[in-house]
Amino acid sequence: MKKIILQELSSPGCHDCKVFEEFWHSVESQFPNVQYQNISVISPEGMEMVSKYMILASPGIVINGELFSTGGVNQKKLIDKIKELS
């Protein structure tokens, strides 16, 4: 099983970010190979990533260094992508 890095770029007070985080924590036990990181868009690392990936809406989801989605997240597509990469 390949190691996967799942990064969530979140904004303080962002509703969609909270929804994604709760969703991920509800399924993460099924994916022990996924390393989840929550990065604030107002941190230096977050600001750099927002610029690099042109993220215009939160949350920005980056999987293994590739932008997966911005704004609301399609949960089924996310799970399918993780399974495909695993």
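Residues numbered from 1 in each chain as written. Predicted model: local features only at pLDDT ≥ 70, side-chain atom pairs only at ≥ 80, totals over all residues. Heavy atoms only, no water.

### A few points about the sheet that holds strand E4 (residues 66-70)
1) Next: Spatial strand order, E2-E1-E3-E4: 4 strands in an open sheet with mixed pairing. Edge positions in the sheet fall to strand E2 (34-40) and E4, since each has one partner strand and no second. Within this sheet the neighbouring strands show an average axis-to-axis angle of 20°, counted without direction.
2) Next: Looking at chain direction, strand E3 (residues 60-63) and E4 are connected through 4 bridges and run antiparallel. Paired with Ile63 across the two strands is Glu66, which belongs to E4.
3) Next: Most of the contacts of helix H2 (residues 44-53) go to strand E1 (residues 4-10), to which it runs at about 100°, and overall it touches E1, E2, E3 and E4.
4) Next: Most of the contacts of helix H3 (residues 75-85) go to E3, to which it runs at about 15°, and overall it touches E1, E2, E3 and E4. (Pairing = 2+ DSSP bridges. Helix = DSSP H or I, 4+ residues; strand = E, 2+ residues; numbered from the N terminus. Axes fitted to C-alpha atoms, helices over the stretch in contact; angles between N-to-C directions. Contact = heavy atoms within 4.5 Å.)

### Let's talk about the pattern of salt bridges
1) Next: The full count for this structure, using the stated rule, is 3 salt bridges.
2) Next: Here Glu22 makes a salt bridge to Lys18, at a shortest N to O gap of 3.8 Å. Of this pair, Glu22 and Lys18 are both found in helix H1 (residues 15-27), 4 residues apart, which corresponds to roughly one turn of the helix.
3) Next: Of the residues examined, Lys18 reaches a relative accessible area of 47% and is grouped as partly exposed.
4) Next: The partner of Asp80 in a salt bridge is Lys76, and the shortest N-O contact between them spans 2.8 Å. Residue Asp80 and its partner Lys76 are both found in helix H3; the two are separated by 4 residues, about one turn of the helix. (Salt bridge = Lys/Arg side-chain N within 4 Å of Asp/Glu carboxyl O. Buried < 20%, exposed > 50% of the residue type's maximum accessible area, 1.4 Å probe, protein only.)

### Considerations on the nonpolar core
1) Next: Residues Leu6, Phe20, Trp24, Phe31, Val34, Leu78 and Ile82 are the most contacted members of the largest nonpolar core, which totals 14 residues.
2) Next: Of all elements in the fold, only E1, H1, E2, E3 and H3 reach the threshold of two or more residues within this core.
3) Next: Here the element with the most residues in this core is H1; it accounts for 4 residues.
4) Next: Residue contacts for Val34: discarding those within four places in its chain leaves Ile4, Leu6, Trp24 and Ile82.
5) Next: With 7 residues, the next largest nonpolar core counts Val41, Tyr53, Ile55 and Val62 among its residues. (Core = buried A, V, L, I, M, F, W, Y, C linked by side-chain atoms within 4.5 Å.)

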